[in-house]
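# Structural overview
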Amino acid sequence: MIAHHPGEELLIAYAAGASDEAVSLIVATHIALCPDCRREVRHAENAGGALLEDMEPAPLPETAVAAAMSRLNGAEATPARRAGARNGFRAPEPLRSYLGGDLDSLRWIPVAKGISYRPILKRGRSNAQLVRSTPGHGISLHTHKGEEHSLVLTGGYSDPTGHYLRGDVQTATPDIVHHPVADEGEDCIILAVADAPLAFRNPFVGLLAKLMGY
Ligand SMILES: [Zn+2]
């Protein structure tokens, strides 16, 4: 059972195609694992469609139809973005396509004792990466300059706000200072999406993180 879901505004922005690529990736990966949010997104998409139907039609320039037709003719079929949750992959689509495989085939970059990471994408201020913690380890105490979203893919972790397991999403804001610690047992791998670099309390750790490109 998934206990922690993305905020409604994230789901609505995703359904409207208004979220940036890194945020879309984490929402799409969550809804591959979460039937409840999949339903929410479908409702939001339907509501958006109904809204469009109610709008007064605006006249189109004559070239618009020809341009749309030529785009359709050259279009390739887009792969289903919500497959994957049912076929046992630990990285469901669309995350798996970004990684070029499942989690077991990845090369990890060590960043601190018990912590390694794997960059996925960076677009301007926002970025997505995987962070892997061995049991009992976690990212050093930090706050956030912007919003950071974490989705658990394997294992679990705890911080003062709660306990997070596969499929759970945590959104951390600049007012949260936390030190997440991975559960005993399996390594904890999270998909982390940030819209600004983390702000570490310990300047040395901050410098180290910067040098490692984290
Ligand atoms: Zn959900």
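For the structure itself, look to the data block above.
How each quantity is defined
Residues numbered from 1 in each chain as written. Predicted model: local features only at pLDDT ≥ 70, side-chain atom pairs only at ≥ 80, totals over all residues. Heavy atoms only, no water. Pairing = 2+ DSSP bridges. Helix = DSSP H or I, 4+ residues; strand = E, 2+ residues; numbered from the N terminus. Donors = N, O, S within 2.8 Å, 3.2 Å for Na, K, Ca; no water. Buried < 20%, exposed > 50% of the residue type's maximum accessible area, 1.4 Å probe, protein only. Expected span 1.5 Å × (residues − 1). Polar contact = N/O pair within 3.5 Å; in protein donor to acceptor, adjacent residues only side chain to side chain. Core = buried A, V, L, I, M, F, W, Y, C linked by side-chain atoms within 4.5 Å. Domains from an automatic or database assignment. Contact = heavy atoms within 4.5 Å. Phe/Tyr/Trp six-rings, centres within 6.5 Å; stacked < 30°, edge-to-face > 60°. Lys NZ or Arg CZ within 6 Å of the ring centre and 35° of its normal.

Read from one edge of the open sheet, three strands run β7-β6-β9, paired in antiparallel fashion. Among the strands making up the open sheet, the edge pair consists of β7 (162–165) and β9 (181–182).

This next bit is on the coordination of the zinc ion. Octahedral metals with six donors have ideal donor angles of 90 or 180 degrees. Tetrahedral metals with four donors have an ideal donor angle of 109.5 degrees. Ligation of the zinc ion by protein atoms is provided by H5 (ND1), H30 (NE2), C34 (SG) and C37 (SG), these donors lying 2.0 to 2.3 Å from the ion. One chain supplies every donor for the zinc ion, spaced along it as H-x24-H-x3-C-x2-C. Taken together, the residues span a long stretch of sequence, with H5 in the segment before α1 (8–15) and H30 in helix α2 (residues 21–33) at a distance of 25 residues. For H5, a relative accessible area of 32% translates into the label partly exposed.

A separate point is α2. Since there are 3.6 residues in each turn of an α-helix, residues three or four apart along the chain are aligned in direction. Taking 1.5 Å per residue, 13 residues should reach 18 Å; α2 reaches 19 Å between its end C-alpha atoms and fits that length. Along α2, 11 of the 13 residues are buried, which leaves the element largely enclosed by surrounding structure. The complete set of buried residues in α2 reads A22, V23, L25, I26, V27, A28, T29, H30, I31, A32 and L33. Where α2 begins, one side-chain oxygen reaches toward the backbone nitrogen of A22, 3.2 Å away; that side chain belongs to D20.

Formed by 32 residues in total, the largest nonpolar core has its most connected members in L95, I120, L130 and L191. Broken down by secondary-structure element, the contributors of at least two residues to this core are α1, α2, α3 (35–54), α5 (95–99), β2 (115–123), β3 (126–133), β5 (148–154) and β10 (188–194). Summarising the domain contributions, this core has at least three residues from each of domain 1 (8–87) and domain 2 (101–211). V131, Y157, A182 and C188 belong to the second largest nonpolar core, which has 11 residues in total.

Secondary-structure assignment places S133 in strand β3. By relative accessible area, S133 is classed as buried at 9%. When residues no more than four places from it in sequence are discounted, the contact partners of S133 are G114, I115, G138, A182, D187 and C188.

Take the side chain of Q170 next. By secondary structure assignment, the location of Q170 is in strand β8 (residues 169–172). On the basis of relative accessible area, Q170 is assigned to the buried category, the value being 6%. Here the side chain of Q170 touches Y157 through a polar contact of 2.7 Å, side chain to side chain. Polar side-chain contacts of Q170 include one of 3.0 Å to the side chain of T161. Setting aside its immediate chain neighbours within four residues, Q170 contacts E148, H149, S150, Y157, D159, T161, Y164 and H178.

Turning our attention to the packing of aromatic side chains. Scanning the model with the defined rule gives one aromatic pair in all. Here Y157 and Y164 contribute two aromatic rings whose centre-to-centre distance is 5.1 Å and whose plane-to-plane angle is 20 degrees, an arrangement assigned as stacked. Classification of Y164 as buried rests on a relative accessible area of 4%. Sitting over the face of the ring of F89, R96 holds its NZ or CZ atom 3.4 Å from the ring centroid.

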